[in-house]
Amino acid sequence: MEKACYLAIDIGASSGRHILGWIENGKIRIEEIYRFENHLETVHGHLCWNLPRLFDEVLAGLKECASLQRMPRSIGIDTWGVDFVLLDANGQVLGDTVSYRDCRTQGMDEIVRREISDEELYTRSGIQKQIFNSIYQLTAIRMQEPEILAQAHRFLMVPEYLNYLLTGMMVNEYTNATTTQLVNAQTKNWDFELMDRLGIPQRLFGELALPKTLIGNLREEIAAKAGFQTKVVLPATHDTGSAVLAMPTNEREAIYLSSGTWSLMGIERLVPDCGEESRRRNFTNEGGYHYRYRYLKNIMGLWMMQSLRREFRHKYSFEELYLLAGIARYFTSTVDVNDSRFLAPESMAEALRSYCRETGQDVPETEGELLACVYQSLAQCYAETVAEIEELTCKSYEVIHVIGGGSQDRFLSGLIASETKKKVFTGPVEATAIGNLIVQMLEDKVFVDLPEAREAVARSFDVKRTSAWDESVWREKHGI
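Residues numbered from 1 in each chain as written. Predicted model: local features only at pLDDT ≥ 70, side-chain atom pairs only at ≥ 80, totals over all residues. Heavy atoms only, no water.

### Considering the nonpolar core
Piece 1. Judged by nonpolar contacts, the single largest core of 105 residues is most densely connected at L166, M304 and L352.
Piece 2. The leading source of residues in this core is helix α15 (residues 367-393), at 13 residues.
Piece 3. Residues contacting L166, with those up to four places away along its chain left out, are F55, V58, L62, I75, I77, N217, L218, R219, I222 and V232.
Piece 4. If you look at the next biggest cluster of nonpolar residues, it comprises 31 residues, including V112, I141, L182 and Y293. (Core = buried A, V, L, I, M, F, W, Y, C linked by side-chain atoms within 4.5 Å. Buried < 20%, exposed > 50% of the residue type's maximum accessible area, 1.4 Å probe, protein only. Helix = DSSP H or I, 4+ residues; strand = E, 2+ residues; numbered from the N terminus. Contact = heavy atoms within 4.5 Å.)

### Quick notes on unusual backbone geometry
Piece 1. With an omega of 5°, the peptide bond between G427 and P428 qualifies as cis.
Piece 2. Mapped onto the secondary structure, P428 falls in the loop between β19 (423-426) and α17 (431-443).
Piece 3. With a phi angle near 75°, Q181 is a residue other than glycine that sits in the positive phi range.
Piece 4. The topology assignment puts Q181 in the loop between α7 (174-177) and α8 (192-198).
Piece 5. Phi angles above zero are rare outside glycine, and C394 is one such case at about 55°.

### Side note on the sheet that holds strand β7 (residues 84-87)
Piece 1. Read across the sheet, 3 strands follow the order β8-β7-β9 without closing on themselves; strand pairing throughout is antiparallel. Looking at the sheet topology across the chains shown, the edges are occupied by β8 (93-94) and β9 (154-157).
Piece 2. Both β7 and β8 contribute to a ladder of 2 bridges, which runs antiparallel. Across the sheet, the residue bridging to L86 is L94, located in β8.
Piece 3. Sheet strands touched by helix α4 (residues 134-144): β7 and β9. Its angle to β7, the strand with the most contacts, is close to 40°. (Pairing = 2+ DSSP bridges. Axes fitted to C-alpha atoms, helices over the stretch in contact; angles between N-to-C directions.)

### Quick word on helix α18 (residues 450-460)
Piece 1. Considered for burial, the residues of α18 that qualify are L450, A453, R454, A456, V457 and S460. Burial along α18 is one-sided: seen end-on, the buried residues are contained in an arc of 155°.
Piece 2. Buried positions along α18 lie against β3 (27-37), α10 (239-245), β15 (263-269) and α17. (Arc of directions from axis to C-beta.)

### Here we look at helix α13 (residues 318-327)
Piece 1. The complete set of buried residues in α13 reads L321, Y322, A325 and G326. Looking straight down α13, one finds its buried side chains confined to an arc of 135°; they lie on one side.
Piece 2. For α13, the elements touching its buried residues are α12 (303-311), α15, α16 (410-420) and α19 (471-478).

Right, here's the structure in full:
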């Protein structure tokens, strides 16, 4: 009898993939069966997502399951946070699906601040202020395209909209909803009073559903196109929420670094910290599985490296990038990786150079110096964040778990160990997809609870201890 399998559809800012998962000899096994590119497009002067094309890719991956005769018992979709669509009374998208990287939210924090102070907003939501949060995007629509807000009947975040196309059901999911800055951290529900103060219609928002909620079956026309019928289950639809579920430990005294386009560094806790010092340090209390909180800081992450790589004339492999950065370790200039100029610059190299000029530091000229600048800046930011977590929680943490695609970057992991003086473990690489899968397995009663699922993650995937970066060892290894 063929083993039951489950399908995680994990969509990021640059790519998406369909990953099947199943249990074999007590271990979680995974297999990528379909991958596709994702990228921003300029529409009407704004950076936008092409959701019709993304849905076509979702459907193409389902068809691949059918062609392989690997029909999943359920499927779940996760994506990035904060971005959304507004639907009219007929379920049609209003306007363009503008990305969080677009500049339309510039100045919207000042408009929101007229109605509610940054301090009160944090006390209510517990969410880190970022100019691209959904609260500022909705304010931008209210100020710039009020006719769209007037016509809107429902607000769905990106994975929720894809679920709607699959099932016909409009369901808002808790973990992603918290990234909007419109969910109250204490009540764990939409903050309707806040919406009234900001002129955001309450009618747009449905009841919040938790991960593990069954949405329903595929619409018949979708099942016919896919070649099979299955059910759609809510994972933690925010990709970081799914990634943190795949931590290969149940130990609370550990820090995680979900490393990818963004770096999300923090701890899991059962109560939020919405205090002033936490706000001042720019930490966030994002919702997690079963009302856990992801107490973390958003850091720019490998986006900076990815952007540089696209600019370089030679298409370096990642191993070649590590080598270039290592050779240029003599270069000591660093930047604030969270500076807004690095969010969506025309040239990441020029953004780095301008920052160094303005701060009176040596300006990176070579490709190696640019890479070394970013690597060292990230490692230092991580070390500062670890120190802040320890100060805010009055605890010392011995271990950092680097999970996600960035855990493959051995050079960066070594720098993290050097800068933090902590034990650094890397893996699993496919943390987001694994977290998505284990929620589906929890819904199907494969696991009793999350601790049991995390124990399975620990024995199923390769988790490695990373040594601190040692220049002499590195030079000997590379014959330099």
